[in-house]
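Single-letter residue listing:
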Amino acid sequence: MTILLLGKDGQVGWQLQRSLAPHGDVVACGRAECDLADPDGIRAVVRAVRPTLIVNASAYTAVDKAESEPELAAQINAHAPGVLAEEAKLLGALLVHYSTDYVYDGTKTAPYVESDPTAPQGVYGATKLAGEAAIRTVGGKSIIFRTSWVFGARGANFVKTILRLVRERDQLGVVNDQIGSPTPAALIATVTGNVLAMLRRGQRLESGENRLYHLAAANPVSWHAFACAVLAQARQTQGFELKCGPEAVRAISTAEYPTPARRPANSRLDCSRLEQDFDLRMPDWQPYLARMLQLLALKQHGY
Ligand SMILES: NC(=O)c1ccc[n+]([C@@H]2O[C@H](COP(=O)([O-])OP(=O)(O)OC[C@H]3O[C@@H](n4cnc5c(N)ncnc54)[C@H](OP(=O)(O)O)[C@@H]3O)[C@@H](O)[C@H]2O)c1
């Protein structure tokens, strides 16, 4: 099987290079090989590679910046997935795509299920939702995974931001009224691989079938609790310069930390559909955090 992976250098894309490899020949593209802002370029790449599977891990992910660049965010997050879906349909290929918890407004008190109404609060969430709709409208075979709060050793994320801040500051304020599941990029890639393995073994998608799944780690927390967990774990891992630990992280409200884009207060995703359909169980994010910090510590020491 020939697999076209887009976004190979992102957090999830980097991990997918590993988890897709056992499924076939992976043609991995970054921005240089395939710019998602260029629909003709996208079509040319797909037509040259002729994949049986397209995995799109590239996206415009700068949530706040998207508020001032709505057109570019829409090109990458909304229009490009539609183009990919059209090209996949022409080839009879499956399209795997990723979306976000930010399609919800966060007012629900329980975890969100896939059939809940969407109501994005910002440009990023709105463009990601439009991308989902574009894929569905084309009507080829597709799987969309909505995930949340992605972290990993490669790429930019909340964990790295906290570790950077505590090199300079002896106290921090982090919001405690937004709840979600930190989700390891490695877990997203592994689950994607597992789902593909089950589909190849017989659980095939009908032509025109579009599946939507929540994919997030277990054990949702607030950003504040996540920051505290990062610092507690970093303290146990040799090699981090820490001017403060979890006790110096103050819990603040979203109102005290205004950002250009509004974010959902409740980002919890119920993953039962994914777990039932593919006989999986979403694990806790904490062991992944420990491994990430060990890896970062080794890197700092030049290993
Ligand atoms: N990060 C999160 O917390 C989060 C949460 C929920 C859902 N998601 C979704 O999960 C998926 C993977 O996210 P991630 O965290 O792995 O994102 P990421 O680390 O920001 O990676 C995104 C990748 O997309 C590439 N990209 C951006 N604009 C492009 C363009 N015009 N043409 C080609 N490539 C372009 C980036 O390339 P450059 O490196 O060149 O910029 C980057 O490699 C995305 O669909 C995202 O919306 C992420």
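Our subject in this report is the structure included herewith. (Residues numbered from 1 in each chain as written. Predicted model: local features only at pLDDT ≥ 70, side-chain atom pairs only at ≥ 80, totals over all residues. Heavy atoms only, no water.)

### A look at the site of the ligand
Turning to step 1, where the next piece is worked out: Neighbouring the ligand are 24 residues, the closest being R31, L36, T61, Y124 and K128.
Turning to step 2, where the next piece is worked out: One nitrogen or oxygen atom from the main chain of V12 is found 2.9 Å from an oxygen atom belonging to the ligand.
Turning to step 3, where the next piece is worked out: Within the side chain of K128, a nitrogen or oxygen atom sits 2.7 Å from an oxygen atom of the ligand.
Turning to step 4, where the next piece is worked out: Considered on its own, the ligand offers 900 Å² of accessible surface; in the complex 81% of this is hidden by protein.
Turning to step 5, where the next piece is worked out: Of all the elements in the fold, those that place two or more residues in the shell around the ligand are α1 (11-20), β4 (94-100) and α4 (123-138).
Turning to step 6, where the next piece is worked out: Here the residues of the shell around the ligand sort into 11 nonpolar, eight polar and five charged. (Near = heavy atom within 4 Å. Polar contact = N/O pair within 3.5 Å; in protein donor to acceptor, adjacent residues only side chain to side chain. Areas by Shrake-Rupley, 256 points an atom, 1.4 Å probe, with all protein chains shown as cover. Helix = DSSP H or I, 4+ residues; strand = E, 2+ residues; numbered from the N terminus. Nonpolar A, V, L, I, M, F, W, Y, C, P; charged D, E, K, R; others polar.)

### Some thoughts on the sheet that holds β4
Turning to step 1, where the next piece is worked out: The six strands lie next to each other as β2-β1-β3-β4-β5-β10, forming an open sheet whose pairing is parallel. Edge positions in the sheet fall to β2 (25-29) and β10 (210-214), since each has one partner strand and no second. Between one strand axis and the next, the sheet turns through 15° on average, direction left out of account.
Turning to step 2, where the next piece is worked out: Bridging between strand β5 (residues 141-147) and β10 involves five bridges; their strand directions are parallel. Bridging from a neighbouring strand, I143 pairs with R211 of β10. (Pairing = 2+ DSSP bridges. Axes fitted to C-alpha atoms, helices over the stretch in contact; angles between N-to-C directions.)

### A closer look at helix α6 (residues 185-200)
Because an α-helix completes one turn every 3.6 residues, residues spaced three or four positions apart along the sequence face the same direction.
Turning to step 1, where the next piece is worked out: With 16 residues, α6 extends 23 Å between its outermost C-alpha atoms, agreeing within 8% with the 22 Å of an ideal straight helix rising 1.5 Å per residue.
Turning to step 2, where the next piece is worked out: Where α6 is concerned, the buried positions are A185, L187, I188, A189, V191, T192, G193, V195, L196 and L199.
Turning to step 3, where the next piece is worked out: With its phi angle positive at about 145°, G202 sits one or two positions after the end of α6. (Expected span 1.5 Å × (residues − 1). Buried < 20%, exposed > 50% of the residue type's maximum accessible area, 1.4 Å probe, protein only.)

### Here's the deal with the packing of aromatic side chains
For any two aromatic rings, the description comes down to two numbers: the centre-to-centre distance and the angle of the planes.
Turning to step 1, where the next piece is worked out: Following the criterion strictly, the structure yields 11 aromatic pairs and no others.
Turning to step 2, where the next piece is worked out: On the basis of an interplanar angle of 85° and a centroid distance of 6.1 Å, the ring pair of Y102 and Y124 is categorised as edge-to-face. Placement of the pair is Y102 in the loop between β4 and α4 and Y124 in helix α4, with a sequence separation of 22 residues.
Turning to step 3, where the next piece is worked out: Among the aromatic residues, those joined into a ring-pair cluster are W149, F151, F158, W223, F226 and W285. (Phe/Tyr/Trp six-rings, centres within 6.5 Å; stacked < 30°, edge-to-face > 60°.)

### Quick look at the packing of α1 against α6
Turning to step 1, where the next piece is worked out: It is the contact of α1 with α6, at a shortest axis distance of 8 Å, that shows an interaxial angle of 40°. Here α6 runs oblique to α1, going by the angle between their axes. Classified by chirality, the crossing of α6 by α1 is right-handed. Here Q11, V12, Q15, L16, R18, S19 and L20 of α1 come into contact with α6, specifically with A185, A186, I188, A189, T190, T192, G193 and L196.
Turning to step 2, where the next piece is worked out: Of the residues belonging to the contact of α1 with α6, the class tally is eight nonpolar, six polar and one charged. (Parallel < 35°, antiparallel > 145°, perpendicular 65-115°, else oblique. Left-handed = near helix turned anticlockwise from the far one by under 90°. Contact = heavy atoms within 4.5 Å.)

### A closer look at the environment of P260
Turning to step 1, where the next piece is worked out: Tracing the sequence through the fold places P260 in the loop between β12 (249-252) and α8 (272-278).
Turning to step 2, where the next piece is worked out: The sequence separation of P260 and T107 amounts to 153 residues, and the corresponding C-alpha distance is 19 Å.
Turning to step 3, where the next piece is worked out: In this structure P260 touches D64 and E67, once residues within four positions along its chain are discounted.

### Some details on the packing of helix α5 (residues 158-168) against helix α9 (residues 286-300)
Describing two packed helices takes the angle between their axes plus the distance from one axis to the other.
Turning to step 1, where the next piece is worked out: The N-to-C vectors of α5 and α9 enclose an angle of 55°; their axes lie 12 Å apart at closest approach. In terms of axis orientation, α5 runs oblique to α9. Relative to α9, α5 is oriented so that their crossing is right-handed. Contact residues: α5 offers V159, K160 and L163, while α9 offers L289, M292, L293 and L296.
Turning to step 2, where the next piece is worked out: Grouping the constituent residues of the contact of α5 with α9 by class yields six nonpolar, no polar and one charged.

### Topic: the pattern of salt bridges
Opposite charge on two side chains allows them to pair when their charged atoms are near.
Turning to step 1, where the next piece is worked out: Considering all chains together, one arrives at 13 salt bridges under this definition.
Turning to step 2, where the next piece is worked out: The shortest N-O distance in the salt bridge between E114 and R273 comes to 4.0 Å. In this pair, E114 sits in the loop between β4 and α4 while R273 sits in helix α8, placing the two residues 159 residues apart along the sequence.
Turning to step 3, where the next piece is worked out: For E114, a relative accessible area of 8% puts it in the buried group.
Turning to step 4, where the next piece is worked out: Each of R43, R47, E86 and E87 takes part in a single network of salt bridges with overlapping partners. (Salt bridge = Lys/Arg side-chain N within 4 Å of Asp/Glu carboxyl O.)

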